[in-house]
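The primary structure of each chain is shown beneath.
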Amino acid sequence: MMEIEEKDLIRCPACEAVNIDKGRQNSCRRCGSQIYKHKHFRTEKSWAYLITAMIAYIPANLYPMLITKKFGQVEESTILGGIVYLWEHGSYPIALIIFFASIIIPIIKFLILIYLLISVKYPLGKDKKLNKHKLYYLTEIIGPWSMIDVFVVAILAALIRLANVEIVAGTAATAFALSVFFTLLAAQAFDTRLIREHR
């Protein structure tokens, strides 16, 4: 009796039945639906989300994150401007947290996802399957922490409601939230089975 390996199996998207991969002509043994194995197109959706996230990250750093209207004067602060302001006023822990959450973590996520997407298409040297899985799950763990800046703006806008002071979220807050959202979508769209196929 011929031994069947995991790579020779294919799942039906309609009824979830497991079938033997017969090549181009695959039909489900249970429901008869046609089954297509998109080996060459499974990274495209993830690439699209990732590129969108990186594009949104540019205005997130160029435009103001926080707009403060105080006694008729309007002050605008970008992410880096806010970090510098906090550092100069001695709030070192908060400045470091925002720096890592808003600058370092998003860039690390971009680099990890780029590496994973390239390495499953073009295996780089002696890549280890376990390391790639760890990198992938790292992006999912650190993902929500990128939203700290947006949470800070939302909390400030809700708490500070004085007569002559108004805090409004700037354009960068929307762009940053979109960047984080599309990065999470890029990670979700990444098919971890590709790591096994290119071990």
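Thresholds, definitions, all that
Residues numbered from 1 in each chain as written. Predicted model: local features only at pLDDT ≥ 70, side-chain atom pairs only at ≥ 80, totals over all residues. Heavy atoms only, no water. UniProt positions renumbered as here; feature names shortened; annotations may be inferred. Helix = DSSP H or I, 4+ residues; strand = E, 2+ residues; numbered from the N terminus. Buried < 20%, exposed > 50% of the residue type's maximum accessible area, 1.4 Å probe, protein only. Pairing = 2+ DSSP bridges. Core = buried A, V, L, I, M, F, W, Y, C linked by side-chain atoms within 4.5 Å. Contact = heavy atoms within 4.5 Å.

With an unreviewed UniProt entry as reference, the chain is termed Paraquat-inducible protein A, source organism Sulfurovum indicum. According to the UniProt record, the Subcellular location (unreviewed entry) comment for the chain reads "Cell inner membrane".

**What about the UniProt feature "transmembrane region" (unreviewed entry) in the chain?**
Feature annotation in UniProt places "transmembrane region" (unreviewed entry) on residues 47–67, 94–120, 141–161 and 167–190, given in this structure's numbering. Taken end to end, residues 47–67 comprises 76% helix and 10% strand; its first and last C-alpha atoms sit 33 Å apart. Split by type, residues 94–120 is 100% helix and 0% strand. Its first and last C-alpha atoms lie 38 Å apart.

**Points about the pairing of strand 4 (residues 73–77)**
Consecutive side chains along a regular strand alternate between the two faces of the sheet. With zero of five residues buried, strand 4 lies mostly on the surface of the structure. Here strand 3 (residues 66–70) pairs with strand 4 via five bridges, running antiparallel. Looking at the pairing, Leu-66 lines up with Ser-77 of strand 4.

**Regarding the nonpolar core**
Ranked by size, the top nonpolar core spans 28 residues in total, and within it Leu-50, Met-65, Ile-79, Ile-83, Phe-176 and Phe-190 carry the most contacts. Breaking this core down by element, the ones donating at least two residues are helix 1 (44–62), helix 2 (79–88), helix 3 (92–121), helix 6 (171–189) and helix 7 (193–197). Ranked by the residues each element gives to this core, the list is headed by helix 3, at nine residues. In this structure, Ile-10, Cys-12, Cys-28 and Ile-35 belong to the second largest nonpolar core, which totals five residues.

**What to know about the side chain of Thr-139**
In this structure, Thr-139 sits in helix 4 (residues 129–142). Assessed through its relative accessible area of 4%, Thr-139 is described here as buried. Each residue touching Thr-139, except ones within four places of it in the same chain, is listed here: Lys-109, Ile-112 and Ala-187.

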